[in-house]
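# Understanding the architecture of this molecule
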Amino acid sequence: FFFFFFFFFFFFFFFFFFLFFFFFFFFFFFFFFFFFFFFFFLYILIQITSELIDAIEQGDILEAFALIKKHFPALASLDNVPNSTPPNDHEAIKLHTVLFKLKCQRFIEIIRSTTPSSELEAIRYAQTHLKATNSELKEKVKEVTALIAYADPHQSQSKHLLTQERREQLAKEVNDVLLAQCNLPVQTSIEKVARQYSLVDEELHKCNVASPARNYREKMAI
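Residues numbered from 1 in each chain as written. Predicted model: local features only at pLDDT ≥ 70, side-chain atom pairs only at ≥ 80, totals over all residues. Heavy atoms only, no water.

## Details of the overall build of the chain
Helix and strand content of the chain: nine helices and zero strands. The buried share of the chain, reckoned over its 222 residues, is 28%. Intrachain contacts of the chain at a sequence separation of at least 6 include 58% that bridge at least 24 residues. For the chain, the exposed area adds up to about 15,800 Å²; of that, 67% sits on carbon and sulfur atoms. (Helix = DSSP H or I, 4+ residues; strand = E, 2+ residues; numbered from the N terminus. Buried < 20%, exposed > 50% of the residue type's maximum accessible area, 1.4 Å probe, protein only. Contact = heavy atoms within 4.5 Å. Areas by Shrake-Rupley, 256 points an atom, 1.4 Å probe, with all protein chains shown as cover.)

## Some remarks on the nonpolar core
Most often, soluble globular proteins keep nonpolar side chains buried together rather than apart. Judged by nonpolar contacts, the single largest core of 25 residues is most densely connected at Leu52, Ile56, Ile68, Leu75, Leu102 and Val174. Listing elements by their share of this core, those giving two or more residues are α1 (2–57), α2 (61–71), α3 (73–77), α4 (90–113) and α7 (164–181). Considering every element that reaches this core, the biggest residue donor is α7, with six residues. By size, the runner-up hydrophobic cluster in this structure holds 16 residues, among which are Cys104, Ile110, Val141 and Leu147. (Core = buried A, V, L, I, M, F, W, Y, C linked by side-chain atoms within 4.5 Å.)

## Some points on the packing of α4 against α7
Look at α4 against α7: their axes get within 11 Å of each other, and the N-to-C directions meet at 150°. As the angle between them shows, α4 and α7 are arranged roughly antiparallel. Between α4 and α7 lies a crossing whose hand is left-handed. Residues Glu91, Lys94, Leu95, Val98, Lys101, Leu102, Gln105, Ile108, Glu109 and Arg112 of α4 form the contact with α7, whose participating residues are Arg166, Arg167, Leu170, Glu173, Val174, Val177 and Gln181. When grouped by side-chain class, the residues that make up the contact of α4 with α7 number seven nonpolar, two polar and eight charged. (Axes fitted to C-alpha atoms, helices over the stretch in contact; angles between N-to-C directions. Parallel < 35°, antiparallel > 145°, perpendicular 65-115°, else oblique. Left-handed = near helix turned anticlockwise from the far one by under 90°. Nonpolar A, V, L, I, M, F, W, Y, C, P; charged D, E, K, R; others polar.)

## Some details on the confidence of the model for the chain
Mean pLDDT over the chain works out to 77, with 70% of the residues at or above the 70 mark. When the elements of the chain are averaged for pLDDT, helix α9 (residues 212–221) gives the smallest value, 44, and α2 the largest, 92. Counting interchain partners and residues more than four positions distant, the pLDDT-below-50 stretch residues 216–222 has zero contacts. (pLDDT = per-residue confidence, 0-100.)

## Section: the environment of Leu52
Topologically, Leu52 is positioned in helix α1. Of the residues examined, Leu52 reaches a relative accessible area of 2% and is grouped as buried. Linking Leu52 and Glu63, residues 11 residues apart in sequence, is a C-alpha distance of 7.8 Å.

## Comments concerning helix α6 (residues 135–145)
Residues Leu137, Val141 and Val144 constitute the buried set of α6. Burial along α6 is one-sided: seen end-on, the buried residues are contained in an arc of 75°. Across from the buried face of α6, at angles greater than 90 degrees, the exposed residues are Ser135 and Lys142. Buried residues along α6 sit against α4 and α7. (Arc of directions from axis to C-beta.)

## Here's the deal with a negative patch on the surface
The grouping of Glu51, Asp54, Asp60 and Glu63 at the surface amounts to a negative patch. Among the secondary structure elements, Glu63 is positioned in helix α2. For Glu63, a relative accessible area of 37% gives the class partly exposed. (Patch = residues over 30% accessible without salt bridge, like charges linked within 9 Å, V, L, I, M, F, W, Y side chains within 5 Å. Salt bridge = Lys/Arg side-chain N within 4 Å of Asp/Glu carboxyl O. Lys, Arg positive; Asp, Glu negative; His and termini not counted. Charge placed at Lys NZ, Arg CZ, Asp CG, Glu CD.)

Next up, the structure:
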């Protein structure tokens, strides 16, 4: 009797022990590989978007389009839609607008190059690629094509289009759209809190009310 008792006792003990460790290692490796591939994907995405941002900020819009077509075919497919065909849904309109802004920036970069053939190249580019599908985009076309009317665009009323800040703003817009396409937050929670704190601190400063952080800094300075 005791023999069978101990036999079944050890049998069930080792059986459940083995079962426990089996599921433990199964879930461990499952989550390990899940997080590994997730962070690997995130790393690759960061590398690609960094290259894309650098290309836009350096004015190399052709390289930016090449990267989009290579790594973000869903976004690039909207560029294959005829210019006379407006997108239907809100998300497609947003993506289409970003692509159109990139085309406008390409026109600006052609004007910026100030080569002997830049004016003719800009006209041909505008005729081929800058065909707006709505009133908002038509205004953007009018804004950027006005550059061609000036002998020196850098000294014109539209010189703000040639600033580095415009490149950086466009790069940020493209980056935000790509992050949204990958279901990733545009801002982290820490960035949101920091931004909200900065806004509150600024408003308090306008009202001549010192924030706790400013009070602390002033005391330390004293």
